[in-house]
Amino acid sequence: MNRLRLGVIGAGAWGRNHVRTVANLPEAKLAVICESDPAIRKQMQHAYPGVLVTDSVDQALAAAEAIVVATPARSHTDLALRSISRGLPTLVEKPFALSVADAERIAEAATVAGVPVLVGHLLEYHPVVNRLRELVGNGDLGQIYYLYSQRVNLGQVRPDENALWSFGPHDISVALYLLGETPIRVAAQGRSYLQPGIEDVVFLTLTFGSGTVAHAQMSWLDPHKARRLTVVGSRQMAVFDDMAPREKLRIYDKGIDRPPEYRSYGESLAIREGDIFIPKLSNAEPLALELQHFVRVARGEEAPRSDVADGVRVVRVLEAASRSLSANGIPVPLEGH
Ligand SMILES: NC(=O)c1ccc[n+]([C@@H]2O[C@H](COP(=O)([O-])OP(=O)(O)OC[C@H]3O[C@@H](n4cnc5c(N)ncnc54)[C@H](O)[C@@H]3O)[C@@H](O)[C@H]2O)c1
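Residues numbered from 1 in each chain as written. Predicted model: local features only at pLDDT ≥ 70, side-chain atom pairs only at ≥ 80, totals over all residues. Heavy atoms only, no water.

J.: I'm lost on the sheet that holds strand β7 (residues 144-154) in this one. Help?
T.: Sheets are built from strands paired through backbone hydrogen bonds, the pairs being either parallel or antiparallel. Taken in spatial order, the nine strands line up as β14-β13-β12-β11-β7-β10-β9-β8-β15 in an open sheet, and their pairing is mixed. Each having just a single partner strand, β14 (270-277) and β15 (332-333) make up the two edges of the open sheet. Of the strand pairs in this sheet, strand β8 (residues 183-191) and β15 are connected by two bridges, and their pairing is antiparallel. If you follow arginine 185 over to β15, its bridge partner there is proline 333. (Pairing = 2+ DSSP bridges. Helix = DSSP H or I, 4+ residues; strand = E, 2+ residues; numbered from the N terminus.)

J.: Can you walk me through a nonpolar patch on the surface in this structure?
T.: Among the surface-exposed residues, Leu154, Val157, Tyr193, Leu194 and Leu221 lie close enough to one another that they form a single nonpolar patch of about 500 Å² accessible area. Along the chain, the position of leucine 194 falls in the loop between β8 and β9 (201-208). Overall, the relative accessible area of 48% leaves leucine 194 in the partly exposed class. (Patch = residues over 30% accessible without salt bridge, like charges linked within 9 Å, V, L, I, M, F, W, Y side chains within 5 Å. Areas by Shrake-Rupley, 256 points an atom, 1.4 Å probe, with all protein chains shown as cover. Salt bridge = Lys/Arg side-chain N within 4 Å of Asp/Glu carboxyl O. Buried < 20%, exposed > 50% of the residue type's maximum accessible area, 1.4 Å probe, protein only.)

J.: Looking at this structure, I do not really get the packing of helix α4 (residues 76-85) against helix α5 (residues 100-113). What am I missing?
T.: How two helices sit against one another is set out by the angle between their axes and by the gap between those axes. Interaxial distance between α4 and α5 falls to 10 Å at its minimum, and their mutual angle equals 5 degrees. Regarding the angle of α4 to α5, the classification is roughly parallel. Seen from α4, the contacting residues are Thr77, Ala80, Leu81 and Ile84; seen from α5, they are Asp102, Arg105, Ile106, Ala109, Ala110 and Ala113. (Axes fitted to C-alpha atoms, helices over the stretch in contact; angles between N-to-C directions. Parallel < 35°, antiparallel > 145°, perpendicular 65-115°, else oblique. Contact = heavy atoms within 4.5 Å.)

J.: I'm lost on helix α7 (residues 163-179) in this one. Help?
T.: It helps to recall that an α-helix has 3.6 residues per turn; residues three or four apart then point in one direction. In this model α7 runs 23 Å from its N-terminal to its C-terminal C-alpha over 17 residues, within 8% of the 24 Å that 1.5 Å per residue would give. Taken as a whole, α7 carries its principal kink of about 40 degrees at proline 169. Among the 17 residues of α7, 17 are classified as buried, and the element is accordingly described as predominantly covered. In the stretch just after α7, glycine 180 is the one whose phi turns positive, near 65 degrees. (Expected span 1.5 Å × (residues − 1). Bend = angle between axes of the 7 residues up to and from the residue.)

J.: It is not clear to me how the pairing of strand β5 (residues 90-93) should be interpreted in this structure. Could you clarify?
T.: Put simply, side chains in a regular strand alternate between the two faces of the sheet. On β5, burial covers both faces: Thr90 and Val92 on one face and Leu91 and Glu93 on the other are all buried. Across three bridges, strand β4 (residues 66-69) lies against β5 in parallel orientation. Bridging across to β5, valine 69 finds its partner in valine 92. In the classification by handedness, the crossover that spans β4, the intervening α4 and the parallel β5 is right-handed. Where β5 meets strand β6 (residues 117-120), four bridges bridge the pair, whose relative direction is parallel. Bridging from a neighbouring strand, leucine 91 pairs with leucine 118 of β6. Each parallel crossover has a hand, and the one from β5 via α5 to β6 is right-handed. (Right-handed = clockwise from strand over helix to strand, strands pointing away.)

J.: Which parts of the structure should I look at to understand the site of the ligand?
T.: Around the ligand, a shell composed of 25 residues is seen, among which Ala13, Trp14, Glu35, Lys94 and Arg158 lie nearest. Interatomic distance of 3.0 Å between a backbone N/O atom of alanine 13 and an oxygen atom of the ligand. In the model, an oxygen atom of the ligand is placed 2.7 Å from a nitrogen or oxygen of the tryptophan 14 main chain. When the ligand is considered free in solution it has 850 Å² of accessible area, and contact with the protein chains removes 81% of it. Of the residues assigned to the shell around the ligand, the class counts are 10 nonpolar, nine polar and six charged. Looking at which domains feed residues into the shell around the ligand, each of domain 1 (4-123 + 287-306) and domain 2 (125-284 + 316-333) gives three or more. (Near = heavy atom within 4 Å. Polar contact = N/O pair within 3.5 Å; in protein donor to acceptor, adjacent residues only side chain to side chain. Nonpolar A, V, L, I, M, F, W, Y, C, P; charged D, E, K, R; others polar. Domains from an automatic or database assignment.)

J.: For this particular structure, what's the right way to read the packing of aromatic side chains?
T.: Geometrically, a pair of aromatic rings is defined through the distance of the ring centres and the angle of the planes. In the structure shown here, the tally under the stated rule is two aromatic pairs. With centroids separated by 6.2 Å and ring planes inclined at 15 degrees, the aromatic side chains of tyrosine 146 and tyrosine 148 adopt a geometry described as stacked. For tyrosine 146, a relative accessible area of 37% puts it in the partly exposed group. (Phe/Tyr/Trp six-rings, centres within 6.5 Å; stacked < 30°, edge-to-face > 60°.)

J.: Whenever I open this one, the side chain of threonine 54 confuses me. Can you help?
T.: Turning to its location among the elements, threonine 54 is positioned in strand β3 (residues 52-54). Its relative accessible area of 5% is what places threonine 54 among the buried residues. In contact with threonine 54, not counting residues within four places along its chain, are Val32, Ile33, Cys34, Glu35, Arg41, Gln59 and Ala60.

J.: Looking at this model, I keep getting lost on the nonpolar core. Mind explaining?
T.: Nonpolar side chains tend to gather and get buried jointly when the protein is soluble and globular. Phe96, Leu132, Leu164, Leu204 and Leu206 are the most contacted members of the largest nonpolar core, which totals 61 residues. Of the residues forming this core, the biggest block, 11 residues, is contributed by α7. Formed jointly, this core draws a minimum of three residues from each of two domains, domain 1 (4-123 + 287-306) and domain 2 (125-284 + 316-333). With residues up to four places along the chain from it excluded, the contact list for leucine 132 reads Leu178, Leu229, Val231, Ala238, Phe240 and Leu249. Among the nonpolar cores identified, the runner-up in size contains 26 residues, and Val22, Leu25, Tyr48 and Val53 belong to it. (Core = buried A, V, L, I, M, F, W, Y, C linked by side-chain atoms within 4.5 Å.)

J.: Just checking my understanding: could you explain the pattern of salt bridges for this structure?
T.: Opposite charge on two side chains permits pairing when their charged atoms draw close. This structure, assessed with the given rule, holds 18 salt bridges. Of the charged contacts, one joins arginine 20 and glutamate 285 as a salt bridge, the two residues approaching to 3.5 Å between their closest N and O atoms. With arginine 20 in helix α1 (residues 15-24) and glutamate 285 in the loop between β14 and α9 (286-298), this residue pair connects regions lying 265 residues apart in the sequence. Taking the relative accessible area as the measure of exposure, glutamate 285 reaches 36% and is therefore partly exposed. The partner of arginine 272 in a salt bridge is aspartate 253, with the nearest N and O atoms 2.8 Å apart. Taken together, the residues span a long stretch of sequence, with arginine 272 in strand β14 and aspartate 253 in strand β13 (residues 249-257) at a distance of 19 residues.

Pasting the structure below:
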């Protein structure tokens, strides 16, 4: 089969990972890199001889059969709409858009044009997240009481996106993906220490109709680098540590059981300290899995996993969280629920 000609718009800190991964995919060909910074264009020309490197979006759209948009969030809507209007399957990096209205414009344009669009919710392609989703879905963890994540490190401080819009798409997309539910209420508190009006630290809480609560701590002003998710269920608990070089998922057969028959309250709760299970999982790179899926989506072989509806849902949560953030943490009900 012919290799799909892919173009990447934006080859900055993250976009260059797309460039590198596309260049190594057997099923795709890196056809064009579009970048407005001349110094990066020069590096790209040197690293990828034979690949068209341009600052013209039109030229990039003309040279590719499918497009990855990896520019800063403020340009996602415009670039996605231009790519869709040319009929090109498009992968839009997270955050999908900076408002629900913009996310819905992209979704509407994609639907009308019949063009598949994928949102770069990278963790939905992570083998550990997919195993966790199976564990939640088949009831192995029992009823999910709550989950919490930490996505903290020192830098990269972003000038136009706060920690919520920068990190939140990951934690929110994972929570929705694992639980198969949209929250009914969102609350967020945060503080801006480095730049006025741009929160460096955000504490986000999502409440779901089932009663499950998801909490995320997000910061680029923290001494630790942590990427950790803990899921606490009535039967078992699981911890996903994405900073661990291997054995990223641990399933704890721990819990507090209530025997069916008991005499007094004190006897009614029994702590269960069971085994810890470390499943053997693929260590395939999530970005390669996401891009391989994108190639199959572009060829019409698969429906998008992180599709436009997913993109709109996550932006809806982000927008509600922003409203809560500016109202000092007052819970905001999620409209359309
Ligand atoms: N999925 C993930 O895990 C992940 C991780 C990091 C960043 N991201 C997302 O990727 C996007 C890019 O982030 P980044 O850290 O690479 O930002 P960045 O600022 O380092 O890079 C963006 C690049 O896009 C270029 N650019 C901007 N407008 C352009 C245009 N119209 N045409 C061509 N080039 C243009 C800039 O010159 C810059 O080099 C953001 O949306 C970010 O949130 C995703």
